[in-house]
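# A closer look at the structure
Below are the chains, spelled out letter by letter.
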Amino acid sequence: MNTKKTILSVDDSPINNKLIEAYFRRDYEVISKESGQQALAWLEGNIPDVILLDIMMPVMDGIEVLERIQANDRLKEIPVIMVTAKTEMESIKATLNLGAQDYVKKPIDFTELQTKVLIAFQINEQKQEISKYKSYYDIHQGMIHAQRIQRSILPDAEHFRRLYPKSFIINLPKHVVGGDFYWIQQNFNKNSIGVFDCTGHGVPAAMLTVMGQMELHTLSQNGNEIQAEQIFPLLSRKFSKLLNTSADTYTQYDGMDGIFCSIYPQEQLIEFVGAKRSLVLIRENNSQLIVNNEDTEVKLCNEQFSLFEIAGDRNSIGKESEFVEFTVNKIKFLPGDRIFLYSDGITDQLGGDQQKRLKRKQFFEKLLEIQTKSINLQKSDIFTWLEKWKSNYEQTDDILVIGIEL
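Residues numbered from 1 in each chain as written. Predicted model: local features only at pLDDT ≥ 70, side-chain atom pairs only at ≥ 80, totals over all residues. Heavy atoms only, no water.

### Focus: helix α2 (residues 36-43)
Since the α-helix turns once every 3.6 residues, residues separated by three or four places project in the same direction. Filter applied, for reference: A simple rule labels every residue: compare its accessible area, found with a 1.4 Å probe on the protein chains alone, to the largest value its type can have, and call it buried under 20%, exposed over 50%, or partly exposed in between. Secondary structure elements are defined from DSSP: runs of H or I of at least 4 residues count as helices, runs of E of at least 2 residues count as strands, and each element is numbered from the N terminus. The directions from the helix axis to the C-beta atoms are what the arc is built from. What makes two residues a contact is simply this: any of their non-hydrogen atoms within 4.5 Å.
Within the span of α2, buried status applies to Gly-36, Ala-39, Leu-40, Trp-42 and Leu-43. For α2, the angular spread of the buried residues around the axis is 160°, confining them to a single face. Buried residues in α2 make contact with β1 (6-10), β2 (29-33), β3 (50-54) and α3 (62-70).

Structural data, given as structure tokens:
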């Protein structure tokens, strides 16, 4: 008996269908159709677990196919992920309004697509479990909308790639919404990036992310530069003020851990501050790294690369740090150095044969192992390795990992 989940891929390009089949066929049964008419005919007698639907197709485009799916009571609950070219954002808005769950842009980033397929399965399973309770279903639909809002206030992916062309982002919330987020700013002489991990996960953590993101936007509006030494104290004061205006003591320890880096390309300098988070830098064929005008000890190394961990402070961002001065570490980098910013979700993930936490050493060893590949290709390796470690265990926490080649 075939227990594999089924993916229906609808694309008028045979090449795209073949690529999707090749990527997913090990774990899923993939059915490919090259037109909307073929897909609707197949759907008359079959129910897939998810549909990947191209927008631009001759005769019957993806929007019309989606309309027919949504008009059919038997089909309308199937998660639909739209596949689109970069210039079709108005069409994407239309499909989301019609009921599509998500979308990916061409050329397809298959790690991103796999993540969205897994989320679609998870959402669909949760939807099936609670569909008999209308009020819970309404809450769930609100969560999906909240997820879109939360993602929309993250930095634009195209802008991120322009700022850091050699980079990757792995962003895997534990639930539909999450508590990890990243932020970037570009000024005439420096680029800044921050990774933040809010207390907890799910809805409470997501509410904190919105607070953090809005405050960062406020601080950086009108082209104002955020200085590394100012960022965490300013956020701490804001969190302390907003979360302690009532007698409710449950929020007094809410806040964020974080990493913030100001990168000065001309000076080949990084200013790094950390709130219970460290920065990882990997360098090829050179075991020396200067931090605050002193040599830094290598954390791990192999024959070709050296990995350094630059520790942050032991305080979180929040009430406890309202009057704390965070340490600014000045790091001299070389072209080709790679930095990694991450929340603790990846190192806390339960898995393996003995259901233990993954831990930093294993993560660092994996980073060293894949450095012979370009930074852009490392995302897939980390994602696959993490999925293998996690196996059948539930995701422990929100996971956010960013890698950048300088």
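### Examining the nonpolar core
Selection rule: Working definition of a nonpolar core: buried Ala, Val, Leu, Ile, Met, Phe, Trp, Tyr and Cys residues. They are joined through side-chain atoms within 4.5 Å.
Of all hydrophobic cores here, the largest spans 48 residues; its most connected members are Ile-193, Phe-196, Ile-231, Phe-232, Cys-261, Ile-331 and Ile-402. If one sorts the elements of this core by residue count, helix α9 (residues 228-243) sits on top with six residues. Apart from the residues within four sequence positions on either side, Phe-232 is in contact with Phe-196, Gly-258, Ile-259, Phe-260, Val-273, Gly-274, Ala-275, Ile-317 and Phe-326. If you look at the next biggest cluster of nonpolar residues, it comprises 25 residues, including Leu-307, Tyr-342, Leu-367 and Val-401.

### Describing the side chain of Ser-9
Worth spelling out the cut-off: What qualifies as a polar contact is a pair of N or O atoms within 3.5 Å, subject to a donor-acceptor requirement within protein and to the restriction that residues adjacent in sequence count only when both atoms come from side chains.
With respect to the helices and strands, the residue Ser-9 is situated in strand β1. Owing to a relative accessible area of 1%, Ser-9 belongs among the buried residues under this scheme. A distance of 2.7 Å separates the side chain of Ser-9 from the side chain of Asn-17, its partner in a polar contact. Contacts of Ser-9, omitting those with residues within four sequence positions, involve Asn-17, Ile-20, Ile-31, Ser-32, Lys-33 and Leu-52.

### Overview of the packing of helix α10 (residues 360-369) against helix α11 (residues 378-390)
Spelled out, the test is: To obtain an axis, a line is fitted to C-alpha atoms, over the contacting stretch when the element is a helix, and the angle between two such axes runs from 0 to 180 degrees between their N-to-C directions. By the definition used in this description, the sense in which the near helix is turned from the far one sets the handedness, with an anticlockwise turn below a right angle giving left-handed and a clockwise turn giving right-handed. By the convention adopted, Pro, Cys, Tyr, Trp, Phe, Met, Ile, Leu, Val and Ala count as nonpolar, Lys, Arg, Asp and Glu as charged, and the other residues, Gly among them, as polar.
Where α10 meets α11, the closest approach of the two axes is 11 Å, and the angle between their N-to-C directions is 145°. Considering the relative orientation of α10 and α11, their crossing is right-handed. Along its contact with α10, which presents Gln-362, Phe-363, Lys-366 and Leu-367, the element α11 presents Asp-381, Ile-382, Trp-385 and Trp-389. A class-by-class count of the residues in the contact of α10 with α11 yields five nonpolar, one polar and two charged.

### A few points about the packing of α2 against α3
Quick note on the threshold: Put simply, angles under 35 degrees are roughly parallel, angles over 145 are roughly antiparallel, angles from 65 to 115 are roughly perpendicular, and the rest are oblique.
Where α2 contacts α3, the two axes come as close as 10 Å, and the packing angle between them is 20°. On the basis of their axis angle, the class for α2 and α3 is roughly parallel. Crossing geometry of α2 relative to α3 is assigned as right-handed. Between α2 and α3, the residues in contact are Gly-36, Leu-40 and Leu-43 and Val-65, Arg-68 and Ile-69, respectively. Looking at side-chain class alone, the contact of α2 with α3 contains four nonpolar, one polar and one charged residues.

### Regarding the sheet that holds strand β6 (residues 167-172)
Put simply, the test is: In this scheme, strands are said to pair when DSSP sees at least two bridges between them.
The strand order across the open sheet built from six strands is β6-β21-β18-β11-β15-β14, with neighbouring strands paired in antiparallel fashion. The open sheet is flanked by β6 and β14 (300-301), the only strands paired with a single partner. With two bridges connecting them, β14 and strand β15 (residues 305-310) associate as antiparallel partners. Along β15, the bridge assignment pairs Leu-300 with Leu-307. Docked against the sheet, α10 engages β11 (279-284), β14, β15, β18 (338-342) and β21 (399-405), running at close to 140° with respect to β15. Along the sheet face, α11 touches β6, β18 and β21 and points at about 30° away from the line of β6.

### A few points about the pattern of salt bridges
Our working rule: Salt bridge, as applied in this entry: a Lys or Arg side-chain nitrogen positioned within 4 Å of an Asp or Glu carboxyl oxygen.
One pass over the structure, following the stated rule, counts 20 salt bridges. Between Lys-379 and Asp-109 there is a salt bridge; the shortest N-O distance is 3.4 Å. Of the two residues, Lys-379 is situated in helix α11 and Asp-109 in the loop between β5 (102-105) and α5 (110-130); the sequence distance between them amounts to 270 residues. Here Lys-379 falls in the buried class, since its relative accessible area comes to 15%. With a relative accessible area of 31%, Asp-109 lands in the partly exposed category. Between Glu-271 and Lys-330 there is a salt bridge; the shortest N-O distance is 2.7 Å. On the criterion of sequence distance, the pair formed by Glu-271 in strand β10 (residues 269-275) and Lys-330 in strand β17 (residues 329-332) is long-range, its members being 59 residues apart. A cluster of three or more residues bridged by salt bridges with shared partners is formed by Asp-11, Asp-54 and Lys-106.

### Some details on the pairing of strand β9 (residues 255-264)
Counting buried residues in β9 gives ten out of ten residues, a clear majority hidden from the surface. Looking at chain direction, strand β8 (residues 191-198) and β9 are connected through eight bridges and run antiparallel. Note that in β9 the partner of Cys-198 across the bridge is Met-256. Where β9 lies against strand β16 (residues 317-318), two bridges are found, and the strand directions are antiparallel. The residue of β16 that forms the bridge with Met-256 is Ile-317.

Geometric descriptors of this kind do not, in isolation, establish any biological role.
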